[in-house]
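So you can see what is in the structure, the chains are spelled out below.
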Amino acid sequence: MTDPISDLLTRIRNAIKAKHRIVEIPASNIKKDITKVLFEKGYILNYKFEEGVGRTQGNIKIALKYHPITKVSAIKTLRRASRPGLRKYAGVKTMPRVYNGLGVAIVTTSQGVMTDKEALVKNVGGEVICYVF
């Protein structure tokens, strides 16, 4: 696999289309950080990190969030911004706004993985990983 972050996003998108409640993803540190940001912003219901045996890092179990009556997912679009073939970096002044501030851009900075709004408050730029709305 050449792009594990795209694999994470694709597994979540496929699980939402199939109306699954839980999706299981192979873990890595960047995936754990992205999952934490998705949980903090209310896009997923819950998550659990399972430890691996030996040299494996384990799995991440993500409980997806749906509206109780209409069964519409909290995540409408999950799109990769920076990819291995074309990295996208943004400074403080060029930080992207997703749906005029209604969505979030997940950014990896020197201070960790955070949303675009948190990066603006901390006055740091970085690589734009994905857009969520």
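To be clear, the structure that these remarks concern was listed above.
Rules used in this analysis
Residues numbered from 1 in each chain as written. Predicted model: local features only at pLDDT ≥ 70, side-chain atom pairs only at ≥ 80, totals over all residues. Heavy atoms only, no water. Salt bridge = Lys/Arg side-chain N within 4 Å of Asp/Glu carboxyl O. Helix = DSSP H or I, 4+ residues; strand = E, 2+ residues; numbered from the N terminus. Phe/Tyr/Trp six-rings, centres within 6.5 Å; stacked < 30°, edge-to-face > 60°. Buried < 20%, exposed > 50% of the residue type's maximum accessible area, 1.4 Å probe, protein only.

Observations regarding the pattern of salt bridges
Here the structure, examined in full by the defined rule, presents five salt bridges. Between Lys41 and Glu118 there is a salt bridge, with the nearest N and O atoms lying 3.8 Å from each other. In this pair, Lys41 is assigned in the loop between helix 2 (29-40) and strand 2 (44-50) and Glu118 in helix 3 (residues 116-122), connecting sequence segments 77 residues apart. Residues Arg87 and Glu127 are paired through a salt bridge, measuring 3.0 Å at the closest nitrogen-oxygen approach. Residue Arg87 is found in the loop between strand 4 (78-80) and strand 5 (89-90), and its partner Glu127 is found in strand 8 (residues 126-132); the two are separated by 40 residues along the sequence.

Considering the packing of aromatic side chains
Under the counting rule described, the total for this entry stands at three aromatic pairs. Judged by centre distance (5.1 Å) and plane angle (45°), the ring pair of Tyr47 and Phe49 falls under tilted. For Phe49, a relative accessible area of 27% gives the class partly exposed. Where Tyr99 meets Phe133, the ring centres are 4.0 Å apart and the plane angle is 40°; that geometry is what we call tilted. With Tyr99 in the loop between strand 5 and strand 6 (104-109) and Phe133 in the segment after strand 8, this residue pair connects regions lying 34 residues apart in the sequence. Through successive ring pairs, a cluster of aromatic residues spans Phe39, Tyr47 and Phe49.

Remember, this is a structural readout, not a statement about activity or role.
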